[in-house]
Amino acid sequence: MSEQHQRKICPRCKSPMQDNGKCTVCNYSEYVPMDEKKLRKIRWILGGILFAVFVVILVINQIA
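Draft legend 1. Spotlight on the pattern of salt bridges. What the rule picks out here adds up to 1 salt bridge. Where glutamate 30 meets lysine 8, a salt bridge forms, and the shortest distance between an N and an O atom there is 2.8 Å. Remark: lysine 8 occurs in the segment before helix H1 (36-63) and glutamate 30 occurs in the segment before H1; sequence separation between them is 22 residues.

Draft legend 2. Looking closely at unusual backbone geometry. Phi is positive for lysine 14, which is not a glycine, with a value near 65 degrees. In this structure, lysine 14 sits in the segment before H1. Positive phi is not limited to glycine here, since asparagine 27 has a value of about 65 degrees. You can see asparagine 27 is positioned in the segment before H1.

Parameters and conventions
Residues numbered from 1 in each chain as written. Predicted model: local features only at pLDDT ≥ 70, side-chain atom pairs only at ≥ 80, totals over all residues. Heavy atoms only, no water. Salt bridge = Lys/Arg side-chain N within 4 Å of Asp/Glu carboxyl O. Helix = DSSP H or I, 4+ residues; strand = E, 2+ residues; numbered from the N terminus.

Written out as structure tokens, the structure reads:
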């Protein structure tokens, strides 16, 4: 069996899209989910920031 390369069609203007999921006519780009490694990194950074804010609020409440 041979693999067929299926061309994607833009849902907005119905023209063929590039392989990277971007339309050359109307500049529409389809949603591409983040990879797991990048998502995990964002979660760790956000968790660290929220933890630091929590500690600062806790210290301020203890002083006051």
